[in-house]
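The residues making up each chain are set out below.
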Amino acid sequence: MKFKVKGGVYPTMVTPYRDGKIDYAACEALVEWYWKKGCDGIFAACQSSEIMYLSLEERVLLTRTVIRKSRELAQSDKSREPMMIVASGHVSDSFAEQVRELNAIAAEGPDALILISNRMDIENTSEDKWIADTEKLIAELPADMPLGIYECPQPYKRLLTEKMIKWCISTGRFYFVKDTCCDAEEIARRLEWCRGSELKIFNANAQTLLRTLRDGAYGYCGVMANFHPDLYVRLMNLNPASREASLLQDFLGLAANIERLTYPCCAKYYLREIEHIPMEIDARSKDVRNFTPYEQDCIRQLAELSTAVG
């Protein structure tokens, strides 16, 4: 059967640590929390996971943990479909290292392997160079592995053009785009370019989400699913033209400004203090000392409002 992406809500998973090392027990607890909240998938080994600060071994073990735990959950509860796990871990500059790291992640068996758009044609010279680099890279990856593209903001954001998207479609190998353009009109154009293909657009931006769902976006893959994923699941299940969906979008769009705080520390604080997932709140990409009592108050207020809305 031809591979098909599952639509819905995909949290960009954060990486818990303990004493400076990845806390795999907390990772498993977080995967279970996503499952209980009704998430349709997980984006593992992404920027929220701090992949630029993880060794290749850590990226592989993190991906392995997420896949294993998600499959255990699906086996124990067959009342719903398994979560679809997509994973990246794609950070290197050199072609040889990119081939090595992507094949290492692919060997763990994610449902789709995600390439980061700024890792091809790193100097950002042209569409043609990007296509040539991507073609060369995917030739080194398992031919049966479904692929995706993530417009990761770090080290710089490389947005996909019409030519790049249509090339991805033409290969028959790409199924998933984590869109970070934050522009509903641009996403509408992208959706039109993808119409009739198996390449699906997942919006990472909460503020434009409902409008893009109305236009045909396949789901939400973003930071705020680390706070109240159940509300995003609810939005996905509502009639997008309804007043209820519009009001829920209003809340989610405003609430998403919380990610401007010391992220991912703020998300880990929410998960520990509000959802009672045992984890430290420190990070490698941010100094936890910048997560002030003021920011902690903001998180607690968000939690209270989320409960009231839910």
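In what follows, the structure referred to is the one given above.
Here the structure is a predicted model, which is why all the values come from computation and not from measurement.

Rules behind the numbers
- Residues numbered from 1 in each chain as written.
- Predicted model: local features only at pLDDT ≥ 70, side-chain atom pairs only at ≥ 80, totals over all residues.
- Heavy atoms only, no water.
- Salt bridge = Lys/Arg side-chain N within 4 Å of Asp/Glu carboxyl O.
- Helix = DSSP H or I, 4+ residues; strand = E, 2+ residues; numbered from the N terminus.
- Buried < 20%, exposed > 50% of the residue type's maximum accessible area, 1.4 Å probe, protein only.
- Axes fitted to C-alpha atoms, helices over the stretch in contact; angles between N-to-C directions.
- Parallel < 35°, antiparallel > 145°, perpendicular 65-115°, else oblique.
- Left-handed = near helix turned anticlockwise from the far one by under 90°.
- Contact = heavy atoms within 4.5 Å.
- Nonpolar A, V, L, I, M, F, W, Y, C, P; charged D, E, K, R; others polar.
- Right-handed = clockwise from strand over helix to strand, strands pointing away.
- Core = buried A, V, L, I, M, F, W, Y, C linked by side-chain atoms within 4.5 Å.
- Arc of directions from axis to C-beta.
- Polar contact = N/O pair within 3.5 Å; in protein donor to acceptor, adjacent residues only side chain to side chain.
- Pairing = 2+ DSSP bridges.

### A look at the pattern of salt bridges
Point 1. The final tally for this structure, using the stated rule, is 27 salt bridges.
Point 2. Between Arg 64 and Glu 108 there is a salt bridge, and its shortest N-O distance comes to 2.9 Å. Taken together, the positions of Arg 64 in helix α2 (residues 56–76) and Glu 108 in the loop between α3 (95–106) and β6 (112–116) put the pair 44 residues apart, joining distant regions of the chain.
Point 3. A relative accessible area of 17% places Glu 108 in the buried class.
Point 4. In this structure, the salt-bridge partner of Arg 190 is Glu 186, at a minimum N-O distance of 3.4 Å. In this pair, Arg 190 and Glu 186 are both assigned in helix α6 (residues 184–194), four residues apart and thus about one turn of the helix distant. Of the two residues examined, Arg 190 and Glu 186, each falls in the buried class.

### Some thoughts on the packing of helix α4 (residues 127–138) against helix α5 (residues 162–171)
Point 1. Where α4 meets α5, the axes come as close as 10 Å, and the angle between the chain directions of the two elements is 25°. In terms of orientation, α4 lies roughly parallel with respect to α5. At the point where α4 passes α5, the crossing takes the right-handed sense. Contacts from Glu 127, Asp 128, Trp 130, Ile 131, Thr 134, Glu 135 and Ile 138 of α4 reach α5 at Lys 163, Met 164, Trp 167, Cys 168 and Thr 171.
Point 2. Grouping the constituent residues of the contact of α4 with α5 by class yields six nonpolar, two polar and four charged.

### So, the pairing of strand β4 (residues 41–44)
Point 1. Residues Gly 41 and Phe 43 point to one face of β4 and Ile 42 and Ala 44 to the other, with burial holding for every one of them.
Point 2. One crossover worth recording links β4 to the parallel strand β5 (residues 84–87) by way of α2, and it is right-handed.

### Digging into the nonpolar core
Point 1. In terms of nonpolar packing, the biggest core is built from 94 residues, with Leu 115, Trp 130, Met 224, Phe 227 and Ile 299 touching the most fellow members.
Point 2. Core analysis: the next-biggest nonpolar cluster, separate from the first, contains 17 residues, Cys 46, Met 84, Val 86 and Ile 114 among them.

### Observations concerning α6
Point 1. What α6 keeps buried is the set Ala 184, Glu 186, Ile 187, Arg 190, Leu 191, Trp 193 and Cys 194. Mapping the buried residues of α6 onto a view down its axis gives an arc of 165°, with all of them on the same face.
Point 2. In this fold, the buried residues of α6 make contact with α5, β8 (174–179), β9 (200–203) and α7 (209–215).
Point 3. With a side-chain oxygen positioned 3.0 Å from the backbone nitrogen of Glu 185, the residue opening α6 is Asp 183.
Point 4. Backbone geometry just after α6 places Gly 196 at a positive phi near 85°.

### Considering the sheet that holds β8
Point 1. With parallel pairing, the eight strands of this open sheet are ordered in space as β1-β10-β9-β8-β7-β6-β5-β4. Strands at the two margins of the open sheet, each flanked by one partner only, are β1 (8–9) and β4.
Point 2. The sheet contact formed by β9 and strand β10 (residues 219–220) spans two bridges and is parallel. Counted as the bridge partner of Phe 202 is Gly 219 from β10.
Point 3. Where α2 meets the sheet, its contacts fall on β4 and β5, and the angle it forms with β5 comes to roughly 175°.
Point 4. Those strands touched by α6 are β8 and β9, and its axis lies near 160° from that of β9.

These figures come from the coordinates and say nothing about function on their own.
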